[in-house]
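# Remarks on the overall topology
The residues making up each chain are set out below.
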Amino acid sequence: MRSSRWLKRVMILSLLLLALPAAADGDHINVFIMSTSGETSTPLIAQGIVDVLDAFGIVDRADFDVFRRSIHNDMISLSSAPVDLDVSLARAQIQENLDQNPDIIVLSSVTLTQLAATATRDLEDPPTLFFVGVDDPYGAGLADSPCVKLPNLTGSESVVPYADMMAALPKLDPSITTVGTLYNSGDPAGARGAAQIAEIGEAMGLTVEVSAYTDFSTMAAAADGLISKGVEALALPLETGAGQILAGVLSPLAVENRIPIVAADAGLTYAQATIGVGNINHYLWGINVGRLLVADIQGELDIASAAISPSSLALSVGVNLNVAAASGLEIPPGFMDEADFTVDNMQGNLTEKGRQNTWQVESMRALGEFLQRFTTPETFAFVQEAELPDLREGQAEFIKSVRCTPERIAEEQAKLDADA
């Protein structure tokens, strides 16, 4: 961070430690969470950030607006800033958000991170960019290694469990032999995910048909093309706007043609995927961002020297019972035994297995009152009784794990030079 922003952090830390009156507006930290509209990860990311800030006394969790995903006090503001799925519109909206002088921007996809990195590259005093949910930041050109990167950028590298998602297909229907996958040609994450799906599927002995689309207007044609080739299931990569394309385009086609949709995100069962198999660590992504924010505010970590860190896997399986029934699909009892939750009439319900899934319960608990809109009363009551962990624990170890020492930077640069 440049000197002006560093002084801001020091002044806020003094207020926290000395219990002086709240900071003036000039010392205020503005945090924007930018994501495409409809992203299922955004509420959990926002809540994870707020929970860490609450644990360290920087905000009061009770003041968090769970529907707007925002919180404001005299020291810090966190706001959700939705942007359009269309790249040209997103570019303009990112610039509009930059004009509001945010100190920190949290970005939930590779495309948005690339756009924000380009927009801030030549600024004299750029905001810090925290990315989450990016499965290959190095291949996307965001960094060369965890510590060899732009000084105003860091984040967590996501691992999408495509092998687990594909393994669900024969359990769902052993007779499936041909699978279709389609991706947004403008989203590197989608292209990489589709390639992994094809590779894994072919290793399983499946025929995998791959199709690309450019926008919503070509999405239906791409899906129709796959269906005309006789695909018996659709396997979707994790990419920007996945929740929007599912409900608006793919689910009606799948229901009409009586084929299942398996998505690489458990939360996408709420967006009308038949089956969702994926990480539920969106809340953990938010916790990591919160930890970085606390370390920055307390002067314990210069974000310019904060390494990109891997995110942990926390697998969950969801089943949309309505979509399955509308498609004429009977979910095998054995598969249901592996499900952590089901969705019925847009209401989620934890299974017995789900109640034992620590990350599933903690992620749902983190959503608090927001959860009432999307869960049955029984599940809501169960998760409300769960205790959130003490998020102050492990802070020192986390800071140590992401600190880029001169020795670490030199070692990574030497390896890059040797591999060049």
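Report on the accompanying structure. (Residues numbered from 1 in each chain as written. Predicted model: local features only at pLDDT ≥ 70, side-chain atom pairs only at ≥ 80, totals over all residues. Heavy atoms only, no water.)

### Quick notes on the sheet that holds strand β1 (residues 29-36)
Taken together, seven strands build an open sheet; the order of strands is β2-β3-β1-β4-β5-β6-β12 and the sheet is mixed. Lying at the two open borders of the sheet, with one neighbouring strand each, are β2 (71-72) and β12 (309-310). Here two bridges tie β2 to strand β3 (residues 76-83), and the two strands are oriented antiparallel to one another. Along β3, the bridge assignment pairs H72 with S77. The strands touched by helix α9 (residues 282-297) within the sheet are β1, β3, β4 (104-107), β5 (128-134) and β6 (153-157), with β5 carrying the most contacts at an inclination of about 160°. (Pairing = 2+ DSSP bridges. Helix = DSSP H or I, 4+ residues; strand = E, 2+ residues; numbered from the N terminus. Contact = heavy atoms within 4.5 Å. Axes fitted to C-alpha atoms, helices over the stretch in contact; angles between N-to-C directions.)

### Notes on the side chain of S145
Tracing the chain through its elements places S145 in the loop between β5 and β6. A distance of 3.2 Å separates a polar atom in the side chain of S145 from the backbone nitrogen of V148. Once you skip the residues sitting within four places of it in the chain, S145 turns out to touch Y138, I308, E412 and L416. (Polar contact = N/O pair within 3.5 Å; in protein donor to acceptor, adjacent residues only side chain to side chain.)

### Some words on helix α6 (residues 188-203)
For α6, with 16 residues, the first-to-last C-alpha span of 23 Å sits near the 22 Å given by 1.5 Å per residue. On its buried side, α6 packs onto α4 (110-120), α5 (162-172), β7 (178-184), β8 (207-213) and β9 (233-236). (Expected span 1.5 Å × (residues − 1).)

### Comments concerning the packing of helix α13 (residues 358-366) against helix α14 (residues 377-384)
Across the interface, α13 lies against α14 with an axial gap of 9 Å and an inter-helix angle of 95°. Viewed along their axes, α13 and α14 adopt a mutual orientation that is roughly perpendicular. Residue-level inspection shows V361, M364 and R365 of α13 in contact with α14, the latter providing T379, F382, V383 and Q384. Classifying every residue of the contact of α13 with α14 gives four nonpolar, two polar and one charged. (Parallel < 35°, antiparallel > 145°, perpendicular 65-115°, else oblique. Nonpolar A, V, L, I, M, F, W, Y, C, P; charged D, E, K, R; others polar.)

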